[in-house]
Amino acid sequence: MDIKKLIGEMTLEEKAMLCSGLNFWETKPVERLDIPKIMMTDGPHGLRKVASGPSTGHRPSKEATCFPPAVLSACSFDRELLYELGAAIGQEALSENVRIVLGPGVNIKRSPLCGRNFEYFSEDPYLAGEMAASFIDGVQGKGVGTSIKHFAANNQETRRWSSDSVIDERTLREIYLPAFKKAITKAKPATVMCSYNRLNGEYASENRRLLTEILRDEWGFEGIVISDWGAVNDRVLGLKAGMDLEMPGAAVPSNDELIVRAVRAGELDEAVLNLAAERILTVISKYKGDKSRTGDEETRTFDVDAHDAIARKIASESMVLLKNEDNILPLSKTAKVAIIGEMAEKPRYQGSGSSAVNAFRVTSALEAARGCAAVTYSKGYDVKNCDEPSQQLMAEAVSAAKSADVCVVFVGLPHHYESEGYDRLHMRMPEGMNKLILAVASANPNVVVVLSNGAPVEMPWAGEVKGILEGYIGGQAGGGAACDILFGDVNPCGKLAETLPIKLSDNPSYLYYFGERDTTQYREGIFVGYRYYDKKEMEVLFPFGHGMSYTSFEYSNLRLSSAKIDDTQTLTVTANIKNTGNAAGKEIVQLYVGQKNIDDRLIRAEKELRGFAKISLAPGESKAVEFTLDKSAFSYYNTQIADFHVLSEDYIIMVGRSSRDIALCGEVYVKSTVKAPQRANPNTTVRDIRRMERGGEFLSYIAKKFPQHANINEEALADGSNYEHIRCVPEFVFRQTRLMGSMPGVTDADIQAWMDEILNEENV
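Conventions we followed
- Residues numbered from 1 in each chain as written.
- Predicted model: local features only at pLDDT ≥ 70, side-chain atom pairs only at ≥ 80, totals over all residues.
- Heavy atoms only, no water.
- Phe/Tyr/Trp six-rings, centres within 6.5 Å; stacked < 30°, edge-to-face > 60°.
- Helix = DSSP H or I, 4+ residues; strand = E, 2+ residues; numbered from the N terminus.
- Buried < 20%, exposed > 50% of the residue type's maximum accessible area, 1.4 Å probe, protein only.
- 1 Å grid on protein atoms, 1.4 Å probe; cavity = no way out; pocket = protein on both sides within 12 Å on 5 of 7 lines; lining within 4 Å.
- Points joined across faces, edges and corners; volume = space filled by probe spheres on them.
- Nonpolar A, V, L, I, M, F, W, Y, C, P; charged D, E, K, R; others polar.
- Core = buried A, V, L, I, M, F, W, Y, C linked by side-chain atoms within 4.5 Å.
- Axes fitted to C-alpha atoms, helices over the stretch in contact; angles between N-to-C directions.
- Parallel < 35°, antiparallel > 145°, perpendicular 65-115°, else oblique.
- Left-handed = near helix turned anticlockwise from the far one by under 90°.
- Contact = heavy atoms within 4.5 Å.
- Arc of directions from axis to C-beta.

Enquirer: What is the right way to read the packing of aromatic side chains from this model?
Expert: The relation between two aromatic rings is expressed through the spacing of the ring centres and the mutual angle of the planes. Applying the stated criterion across every chain yields a total of 16 aromatic pairs. Residues phenylalanine 77 and phenylalanine 612 carry aromatic rings whose centres are separated by 5.4 Å and whose planes lie at 85° to one another, so their mutual orientation is edge-to-face. In this pair, phenylalanine 77 is assigned in the loop between α3 (70-73) and α4 (79-95) and phenylalanine 612 in strand β22 (residues 608-617), connecting sequence segments 535 residues apart. As far as the burial class goes, phenylalanine 77 and phenylalanine 612 line up, both buried.

Enquirer: Where do I start with empty space enclosed by the protein in this structure?
Expert: For the coordinates displayed, the defined rule picks out seven cavities of 30 Å³ or more. Space inside the largest cavity adds up to approximately 150 Å³. In terms of lining residues, the largest cavity is bounded by 19 residues, among which Met319, Pro347, Ser452, Gly478 and Gly479 are the most central. When contributions to the lining of the largest cavity are tallied by element, the ones reaching two or more residues are β15 (447-452) and α17 (478-486). Here the lining of the largest cavity is built from residues that sort into 11 nonpolar, seven polar and one charged. The computed volume of the second largest cavity comes to approximately 80 Å³. If you go around the second largest cavity, you meet 13 residues; those closest to its centre are Lys109, Pro112, Glu123, Thr499 and Asn507. Each residue belonging to the lining of the second largest cavity can be placed in one class, and the counts come to four nonpolar, five polar and four charged.

Enquirer: Whenever I open this one, the nonpolar core confuses me. Can you help?
Expert: In a soluble, globular protein the nonpolar side chains are often hidden away together inside. Counting 196 residues, the largest nonpolar core has Phe151, Met459 and Leu486 as its most contacted members. Top contributing element to this core by residue count: helix α5 (residues 125-140), with nine residues. Within the second largest apolar cluster, 28 residues are counted, among which are Ile577, Val589, Val593 and Phe627.

Enquirer: Please explain the packing of helix α12 (residues 304-318) against α17 as it appears in this structure.
Expert: Angle between the axes and distance between the axes are the two parameters that describe a pair of packed helices. Contact geometry for α12 and α17: axes closest at 8 Å, N-to-C directions at 50°. Relative to α17, α12 is oriented oblique. As for the relative orientation of α12 and α17, their crossing is right-handed in sense. Residue-level inspection shows Arg312, Ala315 and Ser316 of α12 in contact with α17, the latter providing Gly478, Gly480, Ala481, Asp484 and Ile485. A breakdown of the residues in the contact of α12 with α17 according to their chemical character gives three nonpolar, three polar and two charged.

Enquirer: Sorry, what's going on with helix α7 (residues 178-187) here?
Expert: Since the α-helix advances by 3.6 residues per turn, residues separated by three or four positions end up pointing in the same direction. Turning to α7, its buried residues are Ala179, Phe180, Ala183, Ile184 and Ala187. Along the axis of α7, the buried positions cluster into a sector of 120°, meaning they face one direction only. Taken together, the buried residues of α7 touch α5, β4 (145-151), α6 (169-176), β6 (191-194) and α8 (208-218). Looking one or two residues past α7, lysine 188 carries a phi angle of roughly 55°, positive in sign.

Enquirer: Looking at this structure, how should I read the layout of surface pockets?
Expert: To find leftover empty space, a probe the size of one water molecule is rolled over the atoms. The space that makes up the second largest pocket amounts to roughly 760 Å³. Along its surface, the second largest pocket is lined by 33 residues, and Tyr126, Pro178, Lys182, Arg610 and Ser632 are the ones closest to its centre. Listed by contribution, the elements that provide at least two residues to the lining of the second largest pocket are α5, α6, α7, β22, β23 (622-629), β24 (636-638) and β25 (643-645).

Structural data, given as structure tokens:
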């Protein structure tokens with residue numbers, strides 16, 4: 001396809017129509033020029049292909065494999081597993097002639113309340129970016145494009161069509177953009193989906209700084225920007241900003257017509273429209289495929305059973321064993337096991353909304369457990385009406401508990417508790433479930449709770465049970481995966497991709513989350529998730545990165561390739577990990593970096609995740625794990641230079657099992673090679689001057705230049721103790737000399753200019 005030639009042959013109307021969808025899921029063809037249409041569908045954890053036609057968004061979707069949603073798969077900390085997940089979804093997309101998969105979602109989990117958290121990976125941008133990049137590589141390796149979403153700062157469902165996310169530049173760059181940047185620069189998705197919300201006053205769909213200056217000019221994105229479905233406010237402004245394709249289709253009266261009118265009126269440069277058309281045609285050309293497929297059984301190019309097995313493997317490698325007191329797990333297959341809770345029979349295996357998959361099959365935990373041991377089952381509650389306990393169902397469960405060796409209670413959040421389109425108002429599970437757990441625990445001391453939830457929940461019963469397995473929402477094979485872990489066929493190895501706070505009010509965004517009317521201020525700044533909890537030394541229910549195993553791992557022999565590096569160099573970090581238990585297992589090794597001396601120059605988190613590796617070890621086996629850290633591991637976003645910057649400082653390298661379980665520490669000095677502007681004024685303190693580059697020389701120079709002031713001497717200034725908090729010595733000196741009449745006419749501006757010149761010149 002000669003794209004530039006095609007654009008030259010297209011009419012203005014044809015180019016405009018190319019910039020909006022044909023219907024709910026397809027781009028518009030230009031039959032006169034043999035330009036085909038291509039189809040895109042949800043989803044991030046399985047295909048949701050809806051038949052073409054009017055109101056296609058509400059028709060039943062075709063059957064597909066429902067893989068574990070991002071809330072669970074992120075807990076695998078496994079790049080290869082996410083690649084395999086993406087490849088499987090890409091293969092199913094090919095079988096249905098779907099050319100663009102709408103996912104992954106990488107928005108940061110700012111609050112546990114977000115109704116769409118189950119679609120997102122993490123509270124940590126590094127982890128979210130790595131998982132997303134691997135997923136994209138997997139899908140696009142099959143010749144199917146992806147659409148990373150929702151760009152950007154779309155962290156709540158409340159008023160999502162109009163809410164203005166007000167975020168300072170440093171927070172935006174350090175927390176809410178890095179996952180996008182990582183995935184886009186590393187994996188090059190075909191499309192980026194812009195979000196509904198405004199960012200600092202401008203709708204994402206018409207935010208030129210976001211869609212062009214950052215996305216394209218800074219990050220080098222070459223694909224197309226598509227709107228979230230209906231996320232267009234002003235179509236012409238959006239086109240100017242870099243929003244290429246409106247979905248699902250042009251509004252009535254047609255936005256295509258508005259584009260044509262704007263060009264003819266001279267309000268829109270036709271070159272802008274040509275560029276959007278060129279980008280769209282490039283994506284169509286790359287992903288159009290060779291021929292159409294019907295998706296019927298005889299033409300399907302994947303094995304349904306094999307994909308179900310992949311879904312089960314991903315779920316079992318991702319579920320997190322939070323608690324295992326007295327080694328209650330794994331369960332003996334000869335024990336009397338009482339399975340309690342309707343979610344064991346009717347699992348909640350995915351979230352509600354646009355990502356909901358019409359699964360080929362769903363394996364319940366009850367069905368899987370019956371294949372492992374002789375179990376009994378009690379419903380315990382009615383999932384459709386469990387805000388208060390059913391006395392009859394609870395009594396039946398207690399009776400079953402009394403005659404069992406161990407009880408496994410399946411609980412969580414019902415479908416209506418969390419969904420795309422609205423946020424939760426609290427972090428509690430239904431009260432009927434909480435009371436059921438306590439009643440069962442009072443009847444039998446050996447209780448394990450298995451959770452099915454798309455976001456953190458409060459656990460007032462955590463101290464009353466011996467085992468807790470965080471199953472999140474596990475996809476169609478999640479029930480089987482949970483039983484694989486419960487009965488010891490799989491050694492759990494998932495770790496939390498988000499902090500589980502004790503209560504909602506502990507969350508850093510608690511006071512500001514929903515905002516005031518259409519304005520949501522991100523006042524907690526960079527302190528999201530563990531960055532906040534660890535900085536405050538706040539007790540949490542379970543920390544970021546936590547997860548238990550049926551074996552144990554020893555960390556030792558931390559080695560750093562150098563004790564001192566420039567920020568243009570890399571640091572190699574190596575540690576030994578040994579399986580000291582009796583079972584084979586996998587360990588997720590986490591690397592954090594923190595600045596050793598944090599003072600009033602910079603507000604910063606105590607530690608930030610900068611690397612992770614998942615390794616498999618046999619009993620007694622040891623392996624060396626190696627990480628490579630570059631400038632990004634030590635930097636913060638400096639708004640003065642509009643770039644990431646490293647302070648010349650000592651940094652702590654931490655290797656551990658979670659953000660709260662650091663096993664090994666080392667130190668490295670990193671020297672910055674980038675000079676940030678040094679700002680001093682007549683009110684700058686001696687302490688701050690001394691910390692500037694060549695500041696000590698400057699103060700020494702002042703002491704020598706004005707020896708007549710007996711209370712100012714070189715030794716005292718070098719020590720700083722006598723002048724630590726007074727205003728800058730030059731100011732003091734100048735004001736004194738000016739009062740004495742020796743420097744008439746000297747102004748504060750003269751003083752500041754002199755200070756800037758001295759501090760930044762080559763020779764003091």
